[in-house]
Amino acid sequence: MASYQPNQSNLTSWVPVPPDHPFSIQNLPFGIFAPKPGDPRPGVAIGDHILDLAELNIWEGDSLNGLMARPPQVWSDLRARVSWLLNSENPELRDTSGRALHRAEDVELLLPAAIGDYVDFYSSLEHATNVGSMFRDPANPLLPNWRWLPIGYHGKSGTVSVSGTPVKRPKGQLTGDNQSAVYAPCRRLDIELETGFFLGSSGDIFGLVLLNDWSARDIQRWEYQPLGPFLAKSFLTSISPWVVTLDALTPFRVDGPEQQPAPLPHLQTAEPRNYDIHLEVWLQPASAPSATCIARTNFRHMYWSMRQQVQHLTSNGAPVRAGDLCGSGTISGPTRDSFGSLLELAWNGTKPITLDTGETRAFLEDGDTITLRGWCQGVGYRVGFGDVTGTVVPA
Ligand code: CA
């Protein structure tokens, strides 16, 4: 086993996995699922199936926190062991999998971890530039601190929910230009395309999910000064159910953009510090027969890396705990069709986008379904995340 390499592109599994499927044998993401009927337990996704780690006495528990609390070598060894069990050259489980293999459509997917602290960053240069141009000064969109540290805030872990959770339109204080407010349903409901990463107790990164930071722009506009986002972002954050390990993403490491000024010594990291992850946002109105892809971008554009975010998060001596979750911040690319929020895509409501049905959107309507999708493209296989979806329901 010592020489077994679970990232090799020529590995195949006895479980069928089409080349464009997100859950190849090179991926093996961890999650928590419940058979119907059955108690929550850890599993690994492979194609359209889930390997039951509890049934095999490999790992147990109703969250991944226990695994995240172990040293990274345990994570790597466990993934290598599962890879060998699923390898088409290994008959050990192939001919006797029985109760250890579930069809994904037969189970309920649950939140992968009991999330302790949740931090959301603001680390895309393109996103911060767009927002600064809209609301401050197009000639000077970044605040002076932005290139010195990864800006972030502590969010509400209790409303981080698994993909599929309905998005109830929040109510809150809204204001016009006359500095008086009303309490009403949000009229500027938005998405934020992000990745999230789970931490181990050592401060090492266990793995990544896709994350949609649902945002009420009109509530945010009134409440955010001087302490930052509060109720505009605390009503719901959706994540994809499968945690793609950092080990599985290793073959897709790429250099990040040049950082000027050079980060202070405690925020410096070796290149390659970023990951080549294709990302897409799809919007489907309730009446539409299919969804429209409204944005395509890539995680590789991020200015501040995950490692730098962790180094900043702990630079004051604050500890981290297994199961803490960090959001990347909205991921926007350099072009108009690569922005990670409707705020940017429709430029603060001034340039509504047109869907395949001919309908337009500046912000989300009731009945709209948003799906985030992401994957790394290998040679003949994908390391993907699966979808994170949510449908907007009335306030
Ligand atoms: Ca965010």
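Quick caveat: nothing in here was measured; it's all calculated off a predicted structure.

Some details on the overall build of the chain
Along the backbone of the chain there are eight helices and 27 strands. The C-alpha atoms of the chain give a radius of gyration of 21 Å, which matches the 21 Å a tight globule of 395 residues would have. For the chain, the spread of C-alpha atoms along the principal axes amounts to about 70 × 55 × 35 Å. Classification of the 395 residues of the chain by burial places 53% in the buried group.

Considerations on the sheet that holds strand E5 (residues 107–110)
The sheet built from five strands is open, its strands ordered E4-E3-E2-E1-E5 with antiparallel pairing. Both edges of this open sheet fall to strand E4 (101–103) and E5, since each of them pairs with a single strand only. Shown here is a sheet whose adjacent strand axes are inclined to one another by a mean of 45 degrees, direction ignored. Two elements, strand E1 (residues 30–35) and strand E2 (residues 41–46), share four bridges in a ladder whose sense is antiparallel. Across the sheet, the residue bridging to Phe30 is Val44, located in E2.

Quick look at the environment of Glu223
Of note, Glu223 is situated in helix H5 (residues 217–223). The sequence separation of Glu223 and Gln268 amounts to 45 residues, and the corresponding C-alpha distance is 34 Å. Once you skip the residues sitting within four places of it in the chain, Glu223 turns out to touch Gly228, Pro229, Phe230, Leu231 and Ala232. A polar side-chain atom of Glu223 sits 3.0 Å from the main-chain amide nitrogen of Leu231.

Some thoughts on the side chain of Ser161
Checked against the element boundaries, Ser161 lands in strand E8 (residues 160–162). The residues contacting Ser161, other than those within four sequence positions of it, are Leu111, Leu236, Thr237, Ser238 and Ile239.

Considerations on the coordination of the calcium ion
Every protein donor of the calcium ion is accounted for by Asp120 (OD), Glu192 (OE), Glu194 (OE) and Asp213 (OD), and the metal-donor separations fall at 2.2 to 2.3 Å. Of note, the donors binding the calcium ion are all from one chain and are spaced D-x71-E-x1-E-x18-D. Residue Asp120 is found in strand E6 (residues 118–121), and its partner Glu192 is found in the loop between strand E12 (189–190) and strand E13 (193–199); the two are separated by 72 residues along the sequence.

Observations regarding the state of the cysteines
Cysteine pairs can be covalently joined through their sulfur atoms, and such a bond is termed a disulfide. Applying the stated criterion across every chain yields a total of zero disulfides. Unpaired in terms of disulfides, Cys293 finds its nearest cysteine sulfur in Cys376, a separation of 17 Å.

A closer look at the domain arrangement of the chain
A common measure of how large an interface is: the accessible area buried when the components associate. Taken domain by domain, the chain consists of domain 1 (30–110) and domain 2 (118–393). The distance between the C-alpha centroids of domain 1 and domain 2 comes to 29 Å. For the domain 1 face of the interface with domain 2, the top three residues by lost area are Phe30, Met68 and Trp75, together amounting to 42%. Between the two partners, domain 1 and domain 2, sit zero salt bridges.

Considering helix H2 (residues 72–86)
Every α-helix winds through 3.6 residues per turn, so residues three or four apart in the chain are directed the same way. Spanning 15 residues, H2 covers 21 Å between terminal C-alpha atoms, matching the ideal 21 Å at 1.5 Å per step. Along H2, the residues classified as buried are Trp75, Leu78, Arg79, Ala80, Val82, Ser83, Leu85 and Leu86.

A few points about the pairing of E1
Buried residues dominate E1, accounting for six of its six residues. The alternating pattern of E1 places Phe30, Ile32 and Ala34 on one face and Gly31, Phe33 and Pro35 on the opposite face, and all of these are buried. The turn joining E1 and E2, which pair antiparallel and follow one another in sequence, is formed by five residues; a positive phi near 160 degrees is taken by Gly38. With four bridges joining them, E1 and E5 adopt antiparallel strand pairing.

Here we look at the environment of Glu280
Tracing the sequence through the fold places Glu280 in strand E20 (residues 278–284). What makes Glu280 buried here is its relative accessible area of 9%. A polar side-chain atom of Glu280 sits 2.9 Å from a polar atom in the side chain of Trp282.

Digging into the nonpolar core
Within the largest apolar cluster, 53 residues are counted, with the highest numbers of intra-cluster contacts made by Leu208, Phe299 and Leu364. Ignoring sequence-local partners within four residues, the contact set of Phe299 consists of Thr195, Leu208, Asn274, Tyr275, Ile277, Leu279, Met306, Ser328 and Ile331. Counting residues in each nonpolar core, the second largest holds 38 residues, with Trp75, Ala113, Phe198 and Val209 among its members.

Let's talk about the pattern of salt bridges
According to the stated counting rule, one finds 17 salt bridges in the structure shown. Where Arg99 meets Glu55, a salt bridge forms, and the shortest distance between an N and an O atom there is 3.3 Å. Taken together, the residues span a long stretch of sequence, with Arg99 in the loop between helix H3 (91–94) and E4 and Glu55 in the loop between strand E3 (49–52) and helix H1 (65–68) at a distance of 44 residues. A relative accessible area of 30% means that Glu55 is categorised as partly exposed. Among the ionic pairs, Lys233 bridges to Glu192, the shortest N-O distance being 3.0 Å. Placement of Lys233 in the loop between H5 and strand E16 (237–239) and of Glu192 in the loop between E12 and E13 is noted, with a sequence separation of 41 residues between them. Per residue, the accessibility class of Lys233 equals that of Glu192, and both read buried. One network of salt bridges, with partners in common, ties together Asp190, Glu192, Asp213, Arg217 and Lys233.

Criteria and thresholds
- Residues numbered from 1 in each chain as written.
- Predicted model: local features only at pLDDT ≥ 70, side-chain atom pairs only at ≥ 80, totals over all residues.
- Heavy atoms only, no water.
- Helix = DSSP H or I, 4+ residues; strand = E, 2+ residues; numbered from the N terminus.
- Rg over C-alpha atoms; globule rule 2.2 N^0.38 Å.
- Buried < 20%, exposed > 50% of the residue type's maximum accessible area, 1.4 Å probe, protein only.
- Pairing = 2+ DSSP bridges.
- Axes fitted to C-alpha atoms, helices over the stretch in contact; angles between N-to-C directions.
- Contact = heavy atoms within 4.5 Å.
- Polar contact = N/O pair within 3.5 Å; in protein donor to acceptor, adjacent residues only side chain to side chain.
- Donors = N, O, S within 2.8 Å, 3.2 Å for Na, K, Ca; no water.
- Disulfide = S-S within 2.5 Å.
- Domains from an automatic or database assignment.
- Buried area = accessible area lost by both parts, 1.4 Å probe.
- Salt bridge = Lys/Arg side-chain N within 4 Å of Asp/Glu carboxyl O.
- Expected span 1.5 Å × (residues − 1).
- Core = buried A, V, L, I, M, F, W, Y, C linked by side-chain atoms within 4.5 Å.

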